[in-house]
Amino acid sequence: MEVGQLRQQEEPVPMTRPFKIPKRLVWNAFRRVKANGGASGVDEESIVEFERKLGDNLYKLWSRMESGSYFPPPVKAVPIPKKSGGTRLLGVPTVADRVAQTVVKQVLEPILEPVFDDNSFGYRPGRSAHDAIAVVRRRSWRYDWVVEFDIKGLFDHIDHTLLLRAVRKHCDTPWVLLYIGRWLRAPMEMADGQRVARDRGTPQGGVISPLLANLFLHYAIDAWLRREMRSVRLCRYADDGVIHCKSEGQARFVLDRLAARLRSCGLELHPEKTRIVYCKDINRTADYPVTQFTFLGYAFRPRRALDKYGRLYVNFSPGVSREALKAMRQTVRSWHLQLMSDKALQDLSNMFGPVLRGWSNYYGRFYPTALNPLWRSVNAYLVRWLRRKYKHLARGAYRAIRALGRLAAKSSGAFVHWGQGHYPAVG
């Protein structure tokens, strides 16, 4: 379907409309929403169901947005587990509302992108977590001290007045301002049907929320830090960030000032995820109780490395964190692949290979040997799978290990770690 096919049978076109919104924006917005997928909202309408009457649905949305009569429905509260325990509530909009938010995002994002700081990486086009990790790694070699910080409940506590003031500073398009205000005030509908009004925050799960959160933190942290403390270096990925400092005294000063700054903006540092860290390595040997921090699933800490002459030394560098490694190994355990004796190797590769490849692509970018415990765990389950599948291998683990080594050498493309040589050696 193309833009011109947005049907106009359901609603007559008013003679005058206060806003002009190109139909192309609505059509492109739907294509993005469809590509991203996602669950249904409070109306329980899936993307597939929305698409069955696509022309009518998109036309209605466009018509109401142009006339100013579009009011977003409540967002659906969906609890998801947090890595640290407990749950957090995502606010899932309806499919139509995700399209509407994407329409606004297409207008607002090109305006804000040039404003944002080069050291901000989260939820931005053309920037990745790996980019941020590389910046932090490089700075950790030049600066001795780090302030690691995390903002407690960012999406739940953003001040609407301050946020809208920041939006108006860069955008004066009336309908963009109108709908952002309405999205901020849209209630959250709980599982029991209760609707909770919101006077702060922007729902985590909304299309427009990450962009708005980045704008808020640009003024709360990025621009303020660059203006007030020019000698330190910030790297921020959404609400997670590190500030490199030259001395312990400077790090303590920065942490105190940052905490006060966030309080003035209605935010709070997470007490368990904020600390001062000493970047200890072969040249920095002072004693300090904290010599590692975690950023985007990577643990930065002293690690053994080889120089260009093959000599062993201690370097401060990132590798997969212990928490991320534990979570991945628990996931592998939950697969129970050792019980799938009815499956062929190709079946297991199709089922679990993409997940393992994704982990390798993300966590294997820096210090990939830190993933070795994960690959050993996967191989251990595959050995158990072989022993259940073939009776002649059931009697001894050593024979099964040798058989897996031969199988891995023959079918190295089945799993990403086999292709990297992580399999039992053939005796």
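Residues numbered from 1 in each chain as written. Predicted model: local features only at pLDDT ≥ 70, side-chain atom pairs only at ≥ 80, totals over all residues. Heavy atoms only, no water.

Describing the overall build of the protein chain
Right, on to step 1. A tally of regular secondary structure across the protein chain gives 15 helices and 11 strands.
Right, on to step 2. Intrachain contacts of the protein chain at a sequence separation of at least 6 include 68% that bridge at least 24 residues.
Right, on to step 3. Entry remark: accessible area of the protein chain is about 21500 Å², with carbon and sulfur atoms responsible for 50%.
Right, on to step 4. Each charge class in the protein chain was averaged separately, 70 positive and 39 negative side chains, and the resulting centres sit 8 Å apart. (Helix = DSSP H or I, 4+ residues; strand = E, 2+ residues; numbered from the N terminus. Contact = heavy atoms within 4.5 Å. Areas by Shrake-Rupley, 256 points an atom, 1.4 Å probe, with all protein chains shown as cover. Lys, Arg positive; Asp, Glu negative; His and termini not counted. Charge placed at Lys NZ, Arg CZ, Asp CG, Glu CD.)

A word on the pattern of salt bridges
Right, on to step 1. Overall, the coordinates contain 15 salt bridges when judged by the stated rule.
Right, on to step 2. For the salt bridge of D144 with R284, the shortest nitrogen-to-oxygen distance reads 3.2 Å. Here D144 is found in the loop between helix 5 (129-142) and strand 3 (145-150), whereas its partner R284 is found in the loop between strand 8 (275-278) and strand 9 (293-295), with 140 residues between them in sequence.
Right, on to step 3. With relative accessibility at 28%, the residue D144 sits in the partly exposed group.
Right, on to step 4. Of the charged contacts in the structure, one is a salt bridge between E248 and R252, with a shortest N-O distance of 3.0 Å. One end of the pair, E248, and the other, R252, are both in helix 10 (residues 248-264), 4 residues apart, so they sit about a helical turn from each other.
Right, on to step 5. For E248, a relative accessible area of 28% gives the class partly exposed.
Right, on to step 6. Put simply, D144, D281 and R284 are held in one network by salt bridges that share partners. (Salt bridge = Lys/Arg side-chain N within 4 Å of Asp/Glu carboxyl O. Buried < 20%, exposed > 50% of the residue type's maximum accessible area, 1.4 Å probe, protein only.)

Observations regarding the packing of aromatic side chains
Right, on to step 1. Scanning all chains against the criterion turns up 17 aromatic pairs.
Right, on to step 2. Plain terms: the ring middles of F30 and F50 are 5.8 Å apart, the flat faces sit at 25° to each other, and that makes the pair stacked. One end of the pair, F30, is in helix 1 (residues 23-36); the other, F50, is in helix 2 (residues 47-52), and 20 residues separate them in sequence. Note on accessibility: F30 and F50 belong to one class, buried.
Right, on to step 3. Among the aromatic side chains, those forming a connected cluster through ring pairs are Y298, Y362, Y363 and F366.
Right, on to step 4. In this structure, K23 packs its charged tip against the face of W62, placed 4.7 Å from the ring centre.
Right, on to step 5. Taking the ring centre of F71 as reference, the NZ or CZ of R182 above it sits at 3.7 Å. (Phe/Tyr/Trp six-rings, centres within 6.5 Å; stacked < 30°, edge-to-face > 60°. Lys NZ or Arg CZ within 6 Å of the ring centre and 35° of its normal.)

A short note on the state of the cysteines
Right, on to step 1. If you walk through the whole model with that rule in mind, you get 0 disulfides.
Right, on to step 2. In this model C265 remains outside any disulfide bridge; the closest cysteine sulfur is found in C245, 19 Å from its own.
Right, on to step 3. When its relative accessible area of 10% is taken as the criterion, C265 is described as buried. (Disulfide = S-S within 2.5 Å.)

Notes on helix 4 (residues 95-112)
Right, on to step 1. For helix 4, which comprises 18 residues, the first-to-last C-alpha distance of 25 Å matches the rise-based estimate of 26 Å (1.5 Å per residue) to within 8%.
Right, on to step 2. At K105, helix 4 is deflected by roughly 30°, the largest bend along its length.
Right, on to step 3. The buried count for helix 4 comes to 14 of 18 residues, which makes it a mostly enclosed element. (Expected span 1.5 Å × (residues − 1). Bend = angle between axes of the 7 residues up to and from the residue.)

Regarding the sheet that holds strand 11 (residues 312-320)
Right, on to step 1. Read from one edge to the other, the open sheet built from 3 strands follows the order 9-10-11, with strand pairing classed as antiparallel. The open sheet has two edge strands, strand 9 and strand 11, and neither has a second partner. Each strand axis lies, on average, 50° off the axis of its neighbour in the sheet, ignoring direction.
Right, on to step 2. Both strand 10 (residues 298-306) and strand 11 contribute to a ladder of 9 bridges, which runs antiparallel. What sits directly across from Y298, in strand 11, is V320. (Pairing = 2+ DSSP bridges. Axes fitted to C-alpha atoms, helices over the stretch in contact; angles between N-to-C directions.)

Comments concerning the pairing of strand 1 (residues 75-81)
Right, on to step 1. Alignment of strand 1 against strand 4 (residues 188-189), held across 2 bridges, turns out to be parallel. Within the sheet, the bridge partner assigned to K76 lies in strand 4 and is E189.
Right, on to step 2. Sheet topology places strand 1 next to strand 2 (residues 87-92); 6 bridges connect them, and they run antiparallel. Following the sheet pairing, K76 is matched in strand 2 by V92.

Quick notes on the sheet that holds strand 5 (residues 195-196)
Right, on to step 1. The sheet built from 4 strands is open, its strands ordered 2-1-4-5 with mixed pairing. This sheet does not close on itself; its edge strands, each paired only once, are strand 2 and strand 5.

Considering a positive patch on the surface
Right, on to step 1. On the surface, K82, R88, K152 and K273 cluster together into a patch of positive charge.
Right, on to step 2. Secondary-structure assignment places K273 in the loop between helix 10 and strand 8. (Patch = residues over 30% accessible without salt bridge, like charges linked within 9 Å, V, L, I, M, F, W, Y side chains within 5 Å.)

Quick notes on the packing of helix 11 (residues 322-335) against helix 13 (residues 372-389)
Right, on to step 1. Interaxial distance between helix 11 and helix 13 falls to 10 Å at its minimum, and their mutual angle equals 10°. Between helix 11 and helix 13, the angle falls in the class roughly parallel. Side by side, helix 11 and helix 13 meet where L325, M328, R329, V332 and R333 of the first sit next to P373, L374, S377, V378 and Y381 of the second.
Right, on to step 2. Among the residues making up the contact of helix 11 with helix 13, the classes are represented as 7 nonpolar, 1 polar and 2 charged. (Parallel < 35°, antiparallel > 145°, perpendicular 65-115°, else oblique. Nonpolar A, V, L, I, M, F, W, Y, C, P; charged D, E, K, R; others polar.)

Observations concerning the side chain of N315
Right, on to step 1. Mapped onto the fold, N315 is located in strand 11.
Right, on to step 2. Residue classification places N315 among the buried positions, given a relative accessible area of 14%.
Right, on to step 3. There is a polar contact of 3.2 Å between the side chain of N315 and the side chain of W141. (Polar contact = N/O pair within 3.5 Å; in protein donor to acceptor, adjacent residues only side chain to side chain.)

Things to note about the environment of T294
Right, on to step 1. Mapped onto the fold, T294 is located in strand 9.
Right, on to step 2. Not counting chain neighbours up to four residues away, the residues in contact with T294 comprise E148, A299, S321 and E323.

Some remarks on the nonpolar core
Right, on to step 1. M65, V104, W175, I180, I221 and I243 are the most contacted members of the largest nonpolar core, which has 72 residues in total.
Right, on to step 2. Per-element tally for this core: the top contributor is helix 9 (residues 209-228), with 10 residues.
Right, on to step 3. Sequence-distant contacts of W175, defined by excluding residues within four places in its chain, comprise F19, K20, I21, L25, M65, V103, V104 and V107.
Right, on to step 4. Judged by nonpolar contacts, the second largest core, of 51 residues, contains L348, W359, Y363 and L386. (Core = buried A, V, L, I, M, F, W, Y, C linked by side-chain atoms within 4.5 Å.)

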